[in-house]
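Below, each chain spelled out in residue letters.
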Amino acid sequence: MPARAALLVLNAGSSSLKFAAYTLESAIPRERIAGQVEGIGAHARFTAHDATGTSLATETLPEPATHAAAVAAVIGLLERSLAAARVIAVGHRVVHGGPRHAAPAQIDTQLLADLQSLIPLAPLHQPHNLAGIDAAMAHFPDVPHIACFDTAFHRTQPWEAETFALPPHFYEQGIRRYGFHGLSYEFIARTLAAQHPDLAAGRVIAAHLGNGASLCAIQAGRSIATTMGFTALDGIPMGTRTGSIDPGVILHLLGTMGMPLAEVTRLLYSGSGLKGMSGISQDVREIEAAGTEQASRALSHFAWRVRREIGALAATLGGLDALVFTAGIGEHSARLRAAICENLAFLGITLDPARNAANAPTISNGTTPVLVRHTDEERMMALHVLEVLAA
Ligand code: ADP
């Protein structure tokens, strides 16, 4: 019997490697195995499950585990659990595609050099994405490897949305608003197009509220504005990141207060946001459960900032036909969704408390639908891999 074709998608972060493997059933990717290696560089733990949620692996990798060791663990599992399938292509999440890449692309020497040159634009993510690509290419030298960019979906933004108010040569040097979470927004846009083509053809705001968080204004399926910018630090507050902050504060920290650059970087990326404000955790479940004054202030500031961005993005769209919540907080925190949607009746948004509490697919009872949808960046990558193969 010929081996069944399989796709592998990898999402390599600084200390983690997430993966999903699909077999192709009539050209539709069917998820078979998914999981992750966490703690790369130190005590790495490998967990994986099949499509029913049954655990397939819970292992500790020998220290210090590298991205290559993590990829080897994933491939070992595929060989054990999907023995009758043959990997025909590998998709890689790449955080930065720079100004040129508006679509997924097959990785060759030229593209690799291009992606290396973008490291200064995403020093905290891009090198790890490239380490994952190197490791997977060494294991699968003969199959196509496809780069799927988190920035690509936003390359439809108009110039006004992409530029900063700097002299134009900075824009030419690549200092512009790229936007991220593109794979998630594209998945949401496609889901909406399949389920509600009328809404998808109109003006939609998608709120991807996870550990990293952003919002995107989508007009007829295309991104026209998003809250993240040159880096994934911009926009709304996140688990540990500030989101937008008056740049004067940063000048003050560095100049007047003499804080070292490394300390300011740590503060903005990992010491702020919900964790820094609440003093408890970056996890909304723990902050909601804490019930302290500081915890509820952190949540209400978060909701206020998201609400403000919804108003701003609705203005860029010239109105609103649907609001979609997604990712961990967006899909599960009824309390934050309710807080965010307070005062949005002027946009036709009012929530049905019972449906909101139940995380129902539609949680509104006003004229503008408010939807809750699961996002699946790995599936989006698998679909991209198939599209590139078909092309
Ligand atoms: P990532 O950006 O790491 O992929 P997720 O999209 O999984 O993150 O979102 C993670 C966040 O979602 C958690 O930190 C937590 O704050 C939030 N979350 C998950 N489940 C719930 C829940 N039941 N109630 C409230 N918040 C939740």
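Residues numbered from 1 in each chain as written. Predicted model: local features only at pLDDT ≥ 70, side-chain atom pairs only at ≥ 80, totals over all residues. Heavy atoms only, no water.

Trainee: How would you sum up the side chain of Arg-305? Please name residues and give values.
Mentor: With respect to the helices, strands and loops of the structure, Arg-305 is situated in helix H12 (residues 293-317). For the buried Arg-305, which has no salt bridge, the nearest side chain bearing the opposite charge is Glu-309, at an N-O separation of 5.8 Å. Residues within four places of Arg-305 in sequence aside, it is in contact with Gly-235, Ile-236, Pro-237, Thr-242, Gly-243 and Ser-244. (Helix = DSSP H or I, 4+ residues; strand = E, 2+ residues; numbered from the N terminus. Buried < 20%, exposed > 50% of the residue type's maximum accessible area, 1.4 Å probe, protein only. Lys, Arg positive; Asp, Glu negative; His and termini not counted. Salt bridge = Lys/Arg side-chain N within 4 Å of Asp/Glu carboxyl O. Contact = heavy atoms within 4.5 Å.)

Trainee: Lay out the state of the cysteines in plain terms, naming residues and giving numbers.
Mentor: Taken as a whole and judged by the stated rule, the model has zero disulfides. For the unlinked cysteine Cys-216, the closest cysteine sulfur is that of Cys-341, found at 17 Å. We classify Cys-216 as buried; its relative accessible area is 0%. (Disulfide = S-S within 2.5 Å.)

Trainee: Outline the pattern of salt bridges, listing residues and values.
Mentor: What the rule picks out here adds up to 16 salt bridges. When the shortest N-O distance is used, the salt bridge between Arg-30 and Glu-25 registers 3.7 Å. Given the relative accessible area of 43%, Arg-30 is considered partly exposed. Glu-25 gets classed as partly exposed once you look at its relative accessible area, which sits at 27%. In this structure, Arg-203 and Asp-321 form a salt bridge, with 3.0 Å as the shortest nitrogen-oxygen distance. In this pair, Arg-203 sits in strand E9 (residues 203-209) while Asp-321 sits in the loop between H12 and strand E12 (322-326), placing the two residues 118 residues apart along the sequence. Residue classification places Arg-203 among the partly exposed positions, given a relative accessible area of 25%. Residue Asp-321 is classed as partly exposed on the basis of its relative accessible area, which comes to 24%.

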